[in-house]
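Each chain is listed here by its residues.
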Amino acid sequence: MDIKNKQNNEKVSDSIKSKKGSNFKVLITIVIISFFIICGIFVGVFFSFMQDIPEIADLKNYKPNLTTSLYDDKGELISQLYTEQRTLVKINDIPITLQNAIIAKEDPNFYKHSGFDFKGIIRATVNNLMHRKVVEGASTITQQLARNLFLTREKTFERKIKEVILSMQIEKYYTKQEILELYCNQIYFGNGAYGVEAASRTYFGKNVTELTLPECALLAALPQAPSQINPYKNMDIATEKRNIVLDKMAEHGYITENEKIQAQATPIILSKFEVKNAPYFVEYIRQQLEATYGTSIYKNGLKVYTTLNSRMQNIAQKLFSTHINNLQKKIESATGKTLEKKLQGAMIAIDPNTGYIKLMIGGIDFSESEFNRAVQAKRQTGSAFKPIVYTAAIENGFRVSDILLDSPIVFQNENGTSWKPENFTGKFSGPMILLNAITHSINVATVKLANQVGLTNIKKYARKLGITSPLGNDYTVALGSSSLSLIELTDAFTSFANGGMLVEPLAILSVKDNSGKTLEQRSIKISEAISPTTAYIMTFMLENVINKGTAKIIRQMGFTGPCAGKTGTTNDHTDAWFIGYTPEIVVGIWIGFDDKEPMGRAMVGGYAAAPLWANFMLNTYYSSTSEFSIPDEIIFKKICTKSGKIATQNCPNTIDAPFVNGTEPTETCTIHSGVQISNFLNEDLQSYDDWDENIENGEGGEILKKQKKPVNKTTDKTEKEVEGEEEAPESTDTLNF
């Protein structure tokens, strides 16, 4: 019995063992099968993700959005154009302190892992749990680079897997230094700054090579949460985060404990590098660039070298703002009310020898109005247009000594209406030489000169001098009734300053791509507009405007250098102009309200615009001694400023006037010779007030043509009295019909 029971027990035991062995085999089989299934799934998922992952080898050709930089004539940065503010720097130009700060903060095991740091994940998790908040990220620098270059910021498992795969591939193709360089140029630091160079300029106003240890630590802290750590808004948080980076740098041996303590005690001093100088000029450049290169200018990192002189621009901007504000206060004081709108203005300077635009101001505040009044606005020019009339006259044989009769005249228009031009004073001075007519900006004399020269000739020479805007078809053109832009009228005056040669305004010198290859090189465009002799004679007459005429305030303010120019004021005093020049620079100024509201009778060109020109010149060309070049064909003769003839010792007012050799007067003055002349010539000039010449509004009225030769008349007024009558602040251009 016992033996039988024993045998049964052995059979049961063997059965159990057999079942256990069978179960184990099944378990092993299941495990193996599961392993292969899991591996298959993993491989399938891996290859599935690989289908959507970009080719990492192409990263060598990757070009991030770069900033297009604009430079002045000295090579200094004036502004930038971008969608992402970024300037690439090489790893060797990034301070080792900044590299270490970034590694200590973002990825302490950067040089040890292959793109994915498992230990780092554990460390970050423990650290964050201990602090009960996120104080350390788990992504490596390579993972962050992969995410920024190729992926979105959506928090999904799929994105994380792709990020790991990409980071391992990046590590396979690139060295650690290459990866760190890409990261430092790609990452966002807040306030529109991408990359360490832009960040350095944005927060500290310096190049990245100049950063100190505390500054490096702050930059390293920013990528974690740029808006929250923004030192411009949250200085306390920024300081706290910077100090954490310094702790980590000391912990990992990048700095000593003493260096850490000193750096943490250093206050954060911000100094943003502003690259928004000359906003109207920058916008002028941007429009030209976009017309040629399209929207690529915002991402291809072009280097644009311009003609702007930053020193002149900065001086002009300060003087301009102060001047306009003072004029507005005077207008408000005169009217007894606060103006709801701002007085506006524009200013531009052009080198007459090259056409280089040296400064451009298109308004009082670019942030309030981007409308460029130096280029886009077209306003009536008033007397500032008169030099074009006189240019046409000189080119057609008139001389500075020729006589014009300043007396009432009526033009009969084709539509049955009439126009009677008026002078600023409402009075008339009778016979006067061309020189005095333009010096004192006499309207009626200028209109009579225009009638003799003819509209066709006036328009012809306007075009020769670079005027492209439409011009009117009546003699109000002579008084500036047509609307021109400041840039085109200023450019017209370059021909006077440059011996008759017209230069085309130029703002861009060259454009290079981000590798330094020249894409375009722009050249000076210059052509002969008028003869050198005419250019000099015009300059001589416009010098007299400043020395004795409507712009003599320039001399009164102390500018003594060689200069010439012309004032201008329009109907109802809505526009005030002054275009002045030296042999080195032509500067044009316009003042007025955008809606053409009158500024007041005192706001004439000689008061509202010319003083700004003088102030600018005193602050930029105060020591200028360059003289205007005198052509060999020019000779000088001392003439009587009343008769226009060769002066005698009895002539009270004389001037050494220029003439083209062979055209100079030969007769001597008889007005001041003591010889009695006809009673008609001794009549009071007021008698002219009721005497109207009637001329049909056409090309060159015959009545005035007969007066082209000198008419020697005198009056019982002294020269001083007549000139004093002409010395009004400005000859207002009356354009009423």
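As shown above, the structure is provided for reference.
Predicted, not measured: the structure shown is a model, and the values here were computed from it.

Draft legend 1. Seen up close, the nonpolar core. Counting residues in each nonpolar core, the largest one holds 130 residues, and the members touching the most others are M347 and Y390. For this core, the element with the highest residue contribution is helix α19 (residues 532–548), accounting for 9 residues. Dropping the residues within four chain positions of it, M347 is found in contact with A316, F320, L359, M360, I361, A374, L486, V587, G588, I589, L612 and F616. In terms of nonpolar packing, the next biggest core, distinct from the first, is built from 48 residues, I179, A199, L211 and I229 among them.

Draft legend 2. Quick peek at the environment of N277. In this structure, N277 sits in the loop between α11 (257–264) and α12 (279–293). Taking the relative accessible area as the measure of exposure, N277 reaches 31% and is therefore partly exposed. Placed 33 residues apart in sequence, N277 and S310 show a C-alpha to C-alpha distance of 8.1 Å. Residues contacting N277, with those up to four places away along its chain left out, are I78 and V282.

Draft legend 3. Examining the packing of aromatic side chains more closely. By the definition in use, this model includes 14 aromatic pairs. An angle of 75° between the planes, with centres 5.6 Å apart, marks the rings of F578 and W613 as edge-to-face. One end of the pair, F578, is in strand β20 (residues 575–581); the other, W613, is in helix α22 (residues 610–620), and 35 residues separate them in sequence. Assigned by exposure class, F578 and W613 land together as buried.

Draft legend 4. Expanded view of the packing of helix α14 (residues 386–395) against α19. The contact between α14 and α19 brings their axes to 10 Å, and the two run at 135°. By the criterion of interaxial angle, the relationship of α14 to α19 is oblique. Here α14 and α19 pass one another in a crossing that is right-handed. Mapping the contact onto sequence places P387, Y390, T391, I394 and E395 in α14 and T534, I537, M538, M541 and L542 in α19. Here the residues of the contact of α14 with α19 sort into 7 nonpolar, 2 polar and 1 charged.

Draft legend 5. Geometry of the sheet that holds strand β2 (residues 77–81). Across the sheet, which stays open at both edges, the 5 strands sit in the order β2-β1-β6-β16-β17 with mixed pairing between neighbours. Looking at which strands have only one partner, the edges of the open sheet turn out to be β2 and β17 (518–521). The average angle at which neighbouring strand axes cross in this sheet is 20°, direction not considered. Two strands pair when backbone bridges link them, and strand β16 (residues 508–512) and β17 are joined in this way by 3 bridges, in the antiparallel orientation. Across the sheet, V511 pairs through a bridge with E520, a residue of β17.

Draft legend 6. View of the packing of α14 against helix α17 (residues 455–464). Relative orientation of the contacting elements α14 and α17 amounts to 105°, with a least axis distance of 9 Å. It follows that α14 is roughly perpendicular to α17 by the angle criterion. Contacts between α14 and α17 pair I388, V389, A392 and E395 from the former with N457, I458, Y461 and A462 from the latter. A per-class count over the contact of α14 with α17 returns 6 nonpolar, 1 polar and 1 charged.

Draft legend 7. Up close: α17. Those residues of α17 that sit buried are L455, I458, Y461 and A462. Taken end-on, α17 shows its buried residues confined to a sector of 135°, consistent with a single buried face. Its buried side turned inward, α17 meets α14 and α16 (443–453). Looking one or two places after α17, you find G466, whose phi comes out positive at around 95°.

Draft legend 8. Looking closely at the pairing of β16. Most of β16 sits inside the fold, with 4 of its 5 residues counted as buried. Examined bridge by bridge, strand β6 (residues 303–306) and β16 share 4 bridges and lie antiparallel to one another. Its bridge partner being in β16, T306 is matched across the sheet by I508. Hairpin connection, β16 to β17: the antiparallel pair is bridged by 5 residues, and G516 has positive phi, about 95°.

Draft legend 9. Spotlight on the pattern of salt bridges. Within this structure, the stated rule accounts for 18 salt bridges. We note a salt bridge from D247 to K260, for which the minimum N-O separation is 3.4 Å. Separated by 13 residues along the polypeptide, D247 in helix α10 (residues 235–251) and K260 in helix α11 bring together distant segments of the chain. According to the relative accessible area criterion, D247 is partly exposed, its value standing at 35%. Salt-bridge contacts for K341 lead to D595; the nearest nitrogen and oxygen are separated by 2.5 Å. Placement of the pair is K341 in the loop between α13 (310–335) and β7 (344–350) and D595 in the loop between β21 (586–592) and α21 (605–608), with a sequence separation of 254 residues. For K341, a relative accessible area of 30% gives the class partly exposed. What you see here is one network of salt bridges that share partners, running through D247, E257 and K260.

Draft legend 10. Highlighting the environment of L219. Here L219 shows up in helix α8 (residues 213–221). With relative accessibility at 0%, the residue L219 sits in the buried group. Taking the C-alpha atoms as reference points, L219 and A238, 19 residues apart in sequence, are found 9.7 Å from one another. Look past the residues within four positions of L219 in its chain and what remains in contact with it is L98, F189, V196, A199, S200, Y203, F204 and L211.

Draft legend 11. Layout of unusual backbone geometry. Even without being a glycine, S441 presents a positive backbone phi close to 55°. Tracing the chain through its elements places S441 in the loop between α15 (434–439) and α16. We classify S441 as buried; its relative accessible area is 0%. Even without being glycine, D572 reaches a positive phi, approximately 60°. Tracing the backbone through its elements, the reader meets D572 in the loop between β19 (564–569) and β20. On the basis of relative accessible area, D572 is assigned to the exposed category, the value being 54%.

Cut-offs and rules
- Every chain's residues receive numbers from 1 upward, in the order its sequence appears when written.
- At least 70 in pLDDT is required for a residue's local features to be given in this predicted model, at least 80 for side-chain atom pairs to be given and counted, and no such filter applies to totals for whole chains, interfaces and linings, which use all residues.
- The side-chain numbers reported here are obtained from all heavy atoms of the structure, hydrogens and water having been left aside.
- Nonpolar cores were defined as sets of buried Ala, Val, Leu, Ile, Met, Phe, Trp, Tyr and Cys residues, with membership established by side-chain atoms within 4.5 Å.
- Here the term buried applies to any residue with accessible area under 20% of the maximum for its type, exposed to any over 50%, and partly exposed to those in between, with areas from a 1.4 Å probe on protein chains only.
- By the criteria applied, helices consist of DSSP H or I runs no shorter than four residues and strands consist of E runs no shorter than two, each listed in order from the N terminus.
- Residues count as neighbours in contact if any of their non-hydrogen atoms are within 4.5 Å of one another.
- In summary, the pairing rule links any two rings of Phe, Tyr or Trp, Trp by its six-membered ring, whose centres are within 6.5 Å, and it sorts them by plane angle into stacked for under 30 degrees, edge-to-face for over 60 and tilted for everything else.
- For every element, the axis is a line fit to its C-alpha atoms; helices are fit only across the contacting stretch, and the angle between N-to-C directions ranges from 0 to 180 degrees.
- In these notes the angle categories are as follows: under 35 degrees is roughly parallel, over 145 is roughly antiparallel, 65 to 115 is roughly perpendicular, and the rest is oblique.
- Crossings are sorted by hand: turned counterclockwise from the far helix by less than a right angle, the near helix makes the crossing left-handed, and turned clockwise it makes it right-handed.
- The nonpolar class holds Ala, Val, Leu, Ile, Met, Phe, Trp, Tyr, Cys and Pro. Asp, Glu, Lys and Arg form the charged class, and all remaining residues, Gly among them, are polar.
- By the convention used here, strands pair only if DSSP detects at least 2 bridges between them.
- What the arc describes is the spread of directions from the helix axis to the C-beta atoms.
- Salt bridge, as applied in this entry: a Lys or Arg side-chain nitrogen positioned within 4 Å of an Asp or Glu carboxyl oxygen.

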